[in-house]
Amino acid sequence: MVRPSHRREMARQAVAERSVQITLACEAFKISETCYRYQPKNDEENALIERWLIRLTDQHTNWGFGLCFLYLRNQKKYRWNHKRVYRIYCELELNMRIHSKKRLRREKPEALSVPEEINQVWSMDFMHDQLSNSRCFRLLNVIDEFNREALGIEVDFSLPSERLIRTLERIIEWRGSPKVIRCDNGPENISHAVQQWAQNRSIRLEYIEPGKPQQNAYVELTCLVFSSHHHLETLAPLVDSFPHSDMNSSGVL
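Predicted, not measured: the structure shown is a model, and the values here were computed from it. (Residues numbered from 1 in each chain as written. Predicted model: local features only at pLDDT ≥ 70, side-chain atom pairs only at ≥ 80, totals over all residues. Heavy atoms only, no water.)

**Overview of the confidence of the model for the chain**
Stage number 1. Scored by pLDDT, the chain has a mean of 83; 82% of the residues are at 70 or more.
Stage number 2. Confidence over residues 242-253 falls short of pLDDT 50; this stretch has 26 contacts with residues more than four positions distant or in other chains. (pLDDT = per-residue confidence, 0-100. Contact = heavy atoms within 4.5 Å.)

**Describing the pattern of salt bridges**
Stage number 1. Counted under the stated rule, the structure contains 16 salt bridges.
Stage number 2. Here Glu45 and Arg84 are joined by a salt bridge, their closest N and O atoms 3.0 Å apart. Note that Glu45 is positioned in helix H4 (residues 43-59) and Arg84 in helix H6 (residues 82-91), a separation of 39 residues in sequence.
Stage number 3. With a shortest N-O distance of 3.3 Å, Arg87 and Glu91 are connected by a salt bridge. On the criterion of helical spacing, the pair formed by Arg87 and Glu91 is a turn pair, its members being 4 residues apart in helix H6.
Stage number 4. You can call Arg87 partly exposed: its relative accessible area is 39%.
Stage number 5. Counted as one network, the salt bridges with shared partners bring together Glu145, Arg182, Arg204 and Glu206. (Salt bridge = Lys/Arg side-chain N within 4 Å of Asp/Glu carboxyl O. Helix = DSSP H or I, 4+ residues; strand = E, 2+ residues; numbered from the N terminus. Buried < 20%, exposed > 50% of the residue type's maximum accessible area, 1.4 Å probe, protein only.)

**Quick look at the pairing of strand E2 (residues 136-144)**
Stage number 1. When you tally the buried positions in E2, you get 7 out of 9 residues, the bulk of the element.
Stage number 2. The pairing of strand E1 (residues 121-130) with E2 spans 9 bridges and is classified as antiparallel. Its bridge partner lying in E2, Met127 is registered against Leu139.
Stage number 3. The turn linking E1 back onto E2 is made up of 5 residues, and Ser134 within it adopts a positive phi angle of 70 degrees.
Stage number 4. The antiparallel pairing of E2 with strand E3 (residues 149-156) creates a hairpin that spans 4 residues between the two strands, and Arg148 there sits at a positive phi of about 60 degrees. (Pairing = 2+ DSSP bridges.)

**A few points about helix H5 (residues 65-75)**
Residues spaced three or four apart along an α-helix face the same direction, because each turn holds 3.6 residues.
Stage number 1. Within H5 the residues assigned to the buried category are Phe65, Cys68, Phe69 and Leu72. Viewed end-on, H5 has its buried residues packed into an arc of 95 degrees, placing them on one side of the element.
Stage number 2. Looking at the buried residues of H5, the elements they touch are H4 and H6.
Stage number 3. Of the residues flanking the end of H5, it is Lys77, one or two places downstream, whose phi is positive at about 60 degrees. (Arc of directions from axis to C-beta.)

**With respect to helix H8 (residues 192-200)**
Stage number 1. For H8, the complete set of buried residues consists of Val194, Trp197 and Ala198. For H8, the buried positions fall inside an angular range of 100 degrees around the axis, keeping them on one side. Exposed and oriented more than 90 degrees from the buried face of H8 are His192, Gln199 and Asn200.
Stage number 2. Buried-residue contacts for H8 involve helix H7 (161-175), strand E4 (180-183) and strand E5 (204-207).

**What to know about the pairing of E4**
Consecutive residues of a regular strand have side chains that alternate between opposite faces of the sheet.
Stage number 1. Of the two faces of E4, the one carrying Val180 and Arg182 and the one carrying Ile181 and Cys183 are both buried.
Stage number 2. Relative to E4, E1 runs parallel, the two being bridged by 3 bridges. Each residue of the ladder has a partner; that of Val121, found in E4, is Val180.
Stage number 3. By the bridge criterion, 4 bridges tie E4 to E5 in an arrangement that is parallel. Looking at E5, one finds that Val180 is bridged to Arg204.
Stage number 4. As for the winding sense of the linkage, the β-α-β connection from E4 through H8 to E5 is right-handed. (Right-handed = clockwise from strand over helix to strand, strands pointing away.)

**Focus: the side chain of Thr57**
Stage number 1. Its location among the elements puts Thr57 in helix H4.
Stage number 2. According to the relative accessible area criterion, Thr57 is buried, its value standing at 5%.
Stage number 3. A polar contact is formed between the side chain of Thr57 and the backbone oxygen of Leu53, at a distance of 2.8 Å.
Stage number 4. A polar side-chain atom of Thr57 sits 3.1 Å from the main-chain carbonyl oxygen of Ile54. (Polar contact = N/O pair within 3.5 Å; in protein donor to acceptor, adjacent residues only side chain to side chain.)

See the structure below:
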């Protein structure tokens, strides 16, 4: 759709170059003779508006018409009508600017180190599910990263830091003490009791970065396999059949 201002220019060009009558040119380009003879006023002000709009959009590439107009009205105290400013804004085709897409910067994840012997690095992680009566229970999974051996699975309705320490002590009795235990930043793992226990045992706690479970991929994969539909359907009735007091005393499947 050609604007009336452009059709007026084409009509004037036809009259000047082709010696076409004004009436015939106006009929051909679908404009009135009043539009043809219209002389724009305040050309200097329009040029000033153009300069301001170009300057603002160059300095602030994310500004649209609204911010540009508010800046001119409130900061520079120009009383120009918003329709006039928007007409010039469109004539400059500033409303057709193409914004570049914001691309996410993806960092290459660090490769997981592979232990060279048993008890070099252990991994532990929690998972949870519901019983048939909708009551939640938790599981603590501990594996050795050297051979992906599952060292223990602790099950209970609650697994505080004291219970975590007791489980690790029971595993150490028959397996031996690890050099490093990798885990997430859960409240049980970062508790003062667990940190003090690890210091007394000369075990280094290696916490993964928040929101990056792939840094603890070995035990995450174990939890994923264990939490399959078949395994949890098999496990839930067994846990459901345990009295609560028995789970607090033993807690081992």
